[in-house]
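Residues per chain are reported as follows:
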Amino acid sequence: MTVALMWEARASDGRGAELLAWARAHELAREPLRREFFRAPQDRVLVITWWDAPYDAELPELPEPDGELVTRAVHRWRFESVGED
């Protein structure tokens, strides 16, 4: 089964590039099948990692960045693949 973990944070004003660099530099305890980085308006950063694991497996995730780098708590979601068309 393939599981995707989504991690989304909103940087403090003007610090989106710094948050993206922080996310890119952060090493996980083990490597996912794939890791992709996205950015959006309002200095938001999204990281998606894909894992070959059961839905409820313990998987390494990015932590909360230092308090002043973000404007709110990180949002996290977990999804399981249901195939491709």
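Structure: see above.
Procedures and definitions
For every chain, the first residue of its written sequence is number 1, and the numbers climb from 1 along that sequence. Where local features are concerned, this predicted model is filtered to residues with pLDDT of at least 70; where side-chain atom pairs are given and counted, the filter is 80 or more; whole-chain, interface and lining totals use all residues. As a rule here, side-chain values cover all heavy atoms of the structure and leave hydrogens and water aside. The helix count covers DSSP runs of H or I at least four residues long, the strand count covers runs of E at least two residues long, and both are numbered beginning at the N terminus. Radius of gyration means the value over C-alpha atoms here, while the globule rule gives 2.2 Å times the residue count to the 0.38 power. In this analysis, two residues are considered to be in contact whenever any of their non-hydrogen atoms come within 4.5 Å of each other. Accessible areas in this description were obtained via Shrake-Rupley with a 1.4 Å probe; residue shielding takes into account the shown protein chains only. Each polar contact in these results corresponds to two N or O atoms within 3.5 Å; when the atoms are within protein, one needs to be able to donate a hydrogen and the other to accept it, and residues that are neighboring in sequence are counted only if both atoms are side-chain atoms. Note on aromatic contacts: the rings of Phe and Tyr and the six-membered ring of Trp form a pair at centre separations within 6.5 Å, being stacked when their planes are under 30 degrees apart, edge-to-face when over 60 apart, and tilted otherwise. A ring is scored as having a charge over it whenever the NZ atom of a lysine or the CZ atom of an arginine sits within 6 Å of its centre and within 35 degrees of its normal. Strands pair, by our definition, only if DSSP identifies at least two bridges between them. Every axis in this analysis is a line fitted to C-alpha atoms, fitted for helices over the stretch in contact. Angles between the N-to-C directions lie between 0 and 180 degrees. Each reported salt bridge corresponds to a side-chain nitrogen of Lys or Arg within 4 Å of a carboxyl oxygen of Asp or Glu. Between buried and exposed lies partly exposed: a residue is buried under 20% and exposed over 50% of the maximum accessible area for its type, with that area taken using a 1.4 Å probe on protein chains only.

1. Considerations on the overall build of the chain
A tally of regular secondary structure across the chain gives one helix and four strands. Counting from the amino terminus, the chain carries its helices and strands in the arrangement β-α-β-β-β. Its C-alpha atoms give the chain a radius of gyration of 13 Å, within 12% of the compact-globule value 12 Å for 85 residues. Once the C-alpha set of the chain is aligned to its principal axes, its extents read approximately 40 × 30 × 20 Å. In the chain, of all internal contacts separated by at least 6 residues, the share reaching a separation of at least 24 is 67%. Here the chain displays about 5,700 Å² of accessible surface, and carbon together with sulfur accounts for 48% of that area.

2. Details of the side chain of Ser12
On the secondary structure map, Ser12 appears in the loop between strand S1 (2-10) and helix H1 (16-25). A polar contact of 2.7 Å, which involves the side chain of Ser12, links it to the backbone oxygen of Glu68. Leave out the neighbours within four places in its chain, and Ser12 touches Asp43, Glu68, Leu69, Val70 and Thr71.

3. Description of the packing of aromatic side chains
Under the criterion given, the structure shown has one aromatic pair. Over the aromatic face of Trp50 sits the side chain of Arg34, whose NZ or CZ is 4.2 Å from the ring centroid.

4. Some details on the side chain of Glu8
Its location among the elements puts Glu8 in strand S1. Polar side-chain contacts of Glu8 include one of 2.7 Å to the side chain of Arg72. When neighbours within four sequence positions are excluded, Glu8 is seen to be in contact with Arg44, Val45, Leu46, Arg72, Val74, His75 and Trp77.

5. What about the sheet that holds S1?
Strands sit in the order S2-S3-S1-S4 across an open sheet of four strands; the sheet is antiparallel. Because the sheet does not close on itself, it has two edges, and the strands there are strand S2 (34-40) and strand S4 (75-80). Averaged over all pairs of adjacent strands, the angle between strand axes in this sheet comes to 15 degrees, irrespective of strand direction. Summarising the sheet, S2 and strand S3 (residues 44-52) pair through seven bridges and their orientation is antiparallel. Bridge assignment links Arg35 to a residue of S3, and that residue is Thr49.

6. A word on the pattern of salt bridges
The tally for this structure, following the rule as stated, stands at seven salt bridges. Where Glu18 meets Arg15, a salt bridge forms, and the shortest distance between an N and an O atom there is 2.8 Å. What makes Glu18 partly exposed here is its relative accessible area of 40%. When the shortest N-O distance is used, the salt bridge between Arg76 and Glu64 registers 3.4 Å. Of this pair, Arg76 sits in strand S4 while Glu64 sits in the loop between S3 and S4, and the two are twelve residues apart along the sequence. Classification of Glu64 as partly exposed rests on a relative accessible area of 39%.

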